[in-house]
Amino acid sequence: MRFLTFLLCLMTVSGFSQKKNAFAPSDLQIDWRLIQNNFEGKDQFRFSFTLTNTGKKSLPAAGWTIYYNANRDIVNKQLMGPLESFRWHGDLFYLKPVEGFNELKPGESITVDGVGSAWAFNIADAPSGYYWVWDDQPAVTYAISRTKAYPPSDIHAFKRSPDEKGNQITPEMVFDQNASIRDIPKEQLPRIFPTPVSYQSDAGTFTVHPKTTISAPSGLVRELDFLHQLLGGMLLNASLTTVPSNGDIRLAIDPALDQEGYSITISGSSIEIKGGTPAGVFYGIQSLSSLLPLDAWKEKQTQLIVPCARVEDRPRFGYRGLHMDVARNFQSKEQIFKMLNWMALYKLNRLHFHFSEDDAWRVEIPALPELTTVGVRRGHTLDSKEHMPASYGSGGDINNVQSSFYTRSDYIEILRHAKNLHIEVIPEIETPGHARAAIKAMDARYRRLMAEGKPEEASRYLLSDPNDKSVYLSAQNFRDNVMCVAQPGVYEFIATTVDAFIEMHKEAGMPLKTIHVGGDEVPQGVWERSPIAQALLSNLPKDKYKQTSDLWIYYWEKVNRILRERNLYVSGWEEIGMRESKVDGNRVMMVNPEFANNNFHTYVWNTVIGWGAEDLPYRLANGGYKVVLCAVSNLYFDLAYHKDFNENGYYWGGFVDVDKSFYFIPYDYLKNTKVDPYGNPFDPKMLVGKDKLTDYGKTNILGIQGQLWSENIRSAADLEYSAFPKMLGLAERAWSTDPQWATEKDPARSSELYNEAWSVFTNTVGKKELFRLNYFQGGAEFRIPTVGLKIIDQRVHANIQLPGLVIRYTTDGSEPTSSSKLYTAPVAEKGILRFKAFDSKGRSGRTTNIDNK
């Protein structure tokens, strides 16, 4: 026995030694390059892979496969050379040698071209997360970190068609976009952000000093503690004292005010903050924070001088939300806390917590442990039986941050933190589509219990039909990500997981009011060849359930019943308020009157210009559905800022900069539609015949929400870059009253008013809010815009989207630094000039160049 053990160990060491002495995958350099869009005059692009051996051993001609994640399909898996590449499923692709591939000796390279579907504009279209697997060691992966993505050498190669203009944004285009922004002295900017209903400045100031007293009734303990922390964190040697009444700063409830409304009265001797509820008082404190000296956000002061004023304020919408996708890519609990603090700073009050997806289930449910083992661990697999596959650049090693989840206690901590900030957390259980992680987890549970001889318990939470032969392809390229609505385990699963969330919310002191149950992007073809689905359909009333797609109605009836039994209402994406029908034999999706009076809350995202559903939020609201406006064209913050190869983010719904959220008009957003999804001038004729929001429909608009989907958000820095400053436009539109430019009927006058409001907003952000964001809770990695440049009369003129940022430049070809020349006037020097913007910490945006010949 000892000899056998020794022999097995010897064999293992020998096999390891052979690999150890072979080519090291870490020595492989992979470069991906976009060569040309509109290749061969079609909606496809040409690209290349270049493999370079940087090591000392030869890369073998066969016996290996490289896996990677990517967005765009490959038209022909046989590339234009001895390599093959194709999509396995989801965003997982492989790249492997075929006949004719010769070993790469040290220092050698091979470049092979391929053709991708549609087009590519930025680095989000490039592959990521490369890893290597030897054929004879399929369970072992090797990360490949030497990778780069390159744009085409000619900017015109980005064109999707020969006559397309503006295929990549240029410094000149940025300059023209910024041209209407005027510089406004900081003293003339609004004192409070978001803009309050009324701000009346009075003579004098109030001084907050280390021994200032604060009073509040017993019902405002949390608000009192928050104020103590705010002021104490800004004062040197603070010893602020709480007194029973008549403090220097007084908090109080005034039932005459709106529920989230507040008033502030600042005199030379006191500050009084009143709110209709504790939430109103809290928002009053946040407005007080806007009035404190900016320098106090950077370092503690001996005293805080506050201008005397009277403020009356209340929010425009009761729902002011931010959606965070932590399923596709994980964010730590601590980062969630930071995001909640930023939300509270800008008076947002709903966190839509998207924790479940095709790729992961992130919240622990003790009754179903497979959800946070099989359903969350991420690494190399081709069958997803033991864990989820590599996705979104996570790599092949299962020991990575994307295998993380929130324990039950973690989630309760998040809830408690949110509650203290008057933010309601709405968890989302994605069903019946986008559910691959849950499906695979429950498949694993089924196999485990069947092996233990417990068939009844095994089937209890089964979400799939093992005999389903339906053929479909989801938007994210899966063929197995939709729950079978005829499977009883689906409803047992929903009930059990909902009950678990009810208990967690109860324990945290934040009673659950609703569960967002997804409902989006269920592809055509599902359930068509599921025996149990067809059996169910045959036994349902024929007058109501005529075709397989009608099982959609059956499903939502069941889900609605489960939630209503628990005193919850249904929330979901827009599709929950729609059903399939036909017009002239063609499939269409129409507003479904069935659930209009069931208090379904629809989160409506599809406003993509040119897709035909631009008015969908208004059709649903006019039809009786409660609507949260989530318009992709304006409020998808994960989308790329600009059509710039170096700007990360998808762009399928458009390019979204901070102006998109700022100029969004909730009750008439089509009025202010300016560009199509590709940033080209918009033809208003496309909107002829679209529904307007009725007065009745307005009563069903609950509010607005910004979305942070995380396909390309892979770190805390990515999250903050996508969120800020876009989130500030959302805050202004969600809280403040309808601006005059939004209701002005004369287009010319409306444009004048808008340009002035845009200048005020950009100056406020650049000169005040970015400063606060730079120092509050350690600072945010917000995006610093690129500098606009234009040659006028042989001089280089520069401007910036957010006045207050500093522009610096070089004339010798070097990279600008925080000590480079300060731009104060047009530059006459000739040659290639390089410009960059810097913030108050010396952090910079990307460099832009211009050749002043």
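Residues numbered from 1 in each chain as written. Predicted model: local features only at pLDDT ≥ 70, side-chain atom pairs only at ≥ 80, totals over all residues. Heavy atoms only, no water.

When helices and strands are tallied, the protein chain shows 20 helices and 34 strands. At 29 Å, the protein chain has a C-alpha radius of gyration in line with the 29 Å of a compact globule built from 853 residues. Here the C-alpha coordinates of the protein chain stretch approximately 90 × 75 × 70 Å along the principal axes. Within the span of the protein chain, comprising 853 residues, buried residues form 57% of the whole. In the protein chain, once contacts between residues fewer than 6 apart in sequence are set aside, the share between residues at least 24 apart is 73%. Carbon and sulfur atoms form 50% of the exposed surface of the protein chain, whose accessible area is close to 34,200 Å². The protein chain carries 95 positive and 100 negative side-chain charges, and their two centres are separated by 2 Å. (Helix = DSSP H or I, 4+ residues; strand = E, 2+ residues; numbered from the N terminus. Rg over C-alpha atoms; globule rule 2.2 N^0.38 Å. Buried < 20%, exposed > 50% of the residue type's maximum accessible area, 1.4 Å probe, protein only. Contact = heavy atoms within 4.5 Å. Areas by Shrake-Rupley, 256 points an atom, 1.4 Å probe, with all protein chains shown as cover. Lys, Arg positive; Asp, Glu negative; His and termini not counted. Charge placed at Lys NZ, Arg CZ, Asp CG, Glu CD.)

Relative to the helices and strands, threonine 213 is located in strand β11 (residues 213-215). With sequence-adjacent residues up to four places away left out, threonine 213 is seen in contact with Thr241, Val243, Gly247, Asp248 and Ile249.

Another point: the packing of aromatic side chains. What the rule picks out here adds up to 59 aromatic pairs. Between the aromatic rings of tyrosine 618 and tyrosine 669, the centroid separation amounts to 4.7 Å while the plane-to-plane angle is 45 degrees, which identifies the pairing as tilted. With tyrosine 618 in helix α13 (residues 616-622) and tyrosine 669 in the loop between α15 (658-662) and α16 (695-698), the pair connects residues that are 51 residues apart, well separated along the chain. There is no split in this pair, since tyrosine 618 and tyrosine 669 are both buried. A connected cluster of aromatic rings, assembled from ring pairs, spans Phe193, Tyr346, Phe662, Tyr663, Trp741, Tyr754, Trp758 and Phe761. Arginine 160 extends its terminal NZ or CZ atom over the ring of tyrosine 678, reaching a point 3.7 Å from the ring centre. Taking NZ or CZ as reference, lysine 558 lies 4.8 Å from the ring centre of tyrosine 491, over its face. (Phe/Tyr/Trp six-rings, centres within 6.5 Å; stacked < 30°, edge-to-face > 60°. Lys NZ or Arg CZ within 6 Å of the ring centre and 35° of its normal.)

With that out of the way, let us pick up the packing of helix α6 (residues 333-345) against helix α7 (residues 408-420). Where α6 contacts α7, the axes come no closer than 10 Å and their chain directions differ by 15 degrees. The pairing of α6 with α7 is recorded here as roughly parallel in orientation. When the axes of α6 and α7 are compared, the crossing they make is right-handed. Here Lys333, Ile336, Phe337, Leu340 and Asn341 of α6 come into contact with α7, specifically with Asp410, Glu413, Ile414, His417 and Ala418. A class-by-class count of the residues in the contact of α6 with α7 yields 5 nonpolar, 2 polar and 3 charged. (Axes fitted to C-alpha atoms, helices over the stretch in contact; angles between N-to-C directions. Parallel < 35°, antiparallel > 145°, perpendicular 65-115°, else oblique. Left-handed = near helix turned anticlockwise from the far one by under 90°. Nonpolar A, V, L, I, M, F, W, Y, C, P; charged D, E, K, R; others polar.)

Reading across the sheet, the 4 strands line up as β6-β2-β1-β9 and stay open at both edges, with mixed pairing between neighbours. Each edge of the open sheet is held by one strand with a lone partner, namely β6 (109-117) and β9 (146-150). Between one strand and the next, the sheet's axes are offset by a mean angle of 20 degrees, whatever the strand orientation. (Pairing = 2+ DSSP bridges.)

In this section: the environment of asparagine 539. Turning to its location among the elements, asparagine 539 is positioned in helix α11 (residues 531-539). From its side chain, asparagine 539 meets the backbone oxygen of alanine 535 in a polar contact 3.1 Å long. (Polar contact = N/O pair within 3.5 Å; in protein donor to acceptor, adjacent residues only side chain to side chain.)

A separate point is the packing of helix α18 (residues 726-735) against helix α20 (residues 747-775). α20 packs onto α18 with a crossing angle of 115 degrees between their chain directions and a minimal axis gap of 11 Å. The pairing of α18 with α20 is recorded here as roughly perpendicular in orientation. The hand of the α18/α20 crossing is right-handed. Along the contact surface, α18 presents Leu728, Gly729 and Glu732, while α20 presents Phe761, Val765, Glu769 and Leu773. Each residue belonging to the contact of α18 with α20 can be placed in one class, and the counts come to 4 nonpolar, 1 polar and 2 charged.

With 189 residues, the main nonpolar core has Phe353, Phe493, Phe501, Met727 and Phe835 as its most contacted residues. Considering each element in turn, this core owes the most residues, 10 residues, to helix α10 (residues 488-508). Listed in part, the 38 residues of the second largest apolar core include Phe49, Ile66, Ala120 and Tyr651. (Core = buried A, V, L, I, M, F, W, Y, C linked by side-chain atoms within 4.5 Å.)

For the protein chain, per-residue confidence averages 95 on the pLDDT scale, and 98% of positions sit at 70 or higher. Below a pLDDT of 50 lies the segment residues 1-18, which in the model reaches 0 contacts outside its immediate sequence neighbourhood of four places, other chains included. (pLDDT = per-residue confidence, 0-100.)

Let us look at the sheet that holds strand β31 (residues 806-810). The strand order across the open sheet formed by 4 strands is β32-β31-β33-β34, and the pairing between neighbours is antiparallel. Every interior strand has two partners, whereas the edge strands, β32 (821-822) and β34 (848-852), have only one. By the bridge criterion, 2 bridges tie β31 to β32 in an arrangement that is antiparallel. Counterpart to tyrosine 809 in the pairing with β32 is lysine 821.

So, about helix α17 (residues 716-723). Considered for burial, the residues of α17 that qualify are Leu719, Glu720, Ser722 and Ala723. End-on view of α17: buried residues confined to an arc of 160 degrees, all on one side of the axis. (Arc of directions from axis to C-beta.)

Attention now moves to helix α3 (residues 221-232). Counted at 1.5 Å a residue, the expected span for α3 with its 12 residues is 16 Å, and the 16 Å between its end C-alpha atoms agrees. Listed in full, the buried residues belonging to α3 are Glu223, Leu224, Phe226, Leu227, His228, Leu230 and Leu231. (Expected span 1.5 Å × (residues − 1).)

Moving on: the pattern of salt bridges. Tallied over the entire structure, the rule returns 49 salt bridges. When the shortest N-O distance is used, the salt bridge between glutamate 756 and arginine 182 registers 2.7 Å. Taken together, the positions of glutamate 756 in helix α20 and arginine 182 in the loop between α2 (171-178) and β10 (198-208) put the pair 574 residues apart, joining distant regions of the chain. On the basis of relative accessibility, which here comes to 39%, the residue arginine 182 falls in the partly exposed class. Between arginine 834 and glutamate 815 there is a salt bridge, with its nearest N and O atoms 3.2 Å apart. Highlighted residues: arginine 834 in strand β33 (residues 831-838) and glutamate 815 in the loop between β31 and β32, separated in sequence by 19 residues. Assessed through its relative accessible area of 37%, glutamate 815 is described here as partly exposed. Each of the salt bridges in this network shares a partner with another, and the network as a whole consists of Asp325, Arg328, Glu357, Asp359 and Glu711. (Salt bridge = Lys/Arg side-chain N within 4 Å of Asp/Glu carboxyl O.)

Turning our attention to the side chain of glutamate 711. Mapped onto the elements of the fold, glutamate 711 is located in the loop between β28 (701-708) and α17. The class for glutamate 711 is buried, based on a relative accessible area of 10%.

The buried fraction of strand β16 (residues 304-313) is high, at 7 of 10 residues. The pairing of β10 with β16 spans 8 bridges and is antiparallel. Residue pairing for β16: tyrosine 199 is matched across the bridge by valine 311. Where strand β14 (residues 262-266) meets β16, 5 bridges bridge the pair, whose relative direction is antiparallel. In the sheet register, tyrosine 262 faces β16, and the bridge partner there is aspartate 313.

Our next topic: unusual backbone geometry. The peptide bond linking threonine 431 to proline 432 adopts the cis configuration, its omega dihedral lying at -20 degrees. Phi is positive for alanine 118, close to 65 degrees, though the residue is something other than glycine. Counting through the fold element by element, alanine 118 comes out in the loop between β6 and β7 (128-134). Phi at histidine 422 takes a positive value of approximately 60 degrees, unusual for a residue other than glycine. Of note, histidine 422 is situated in the loop between α7 and β21 (424-431).

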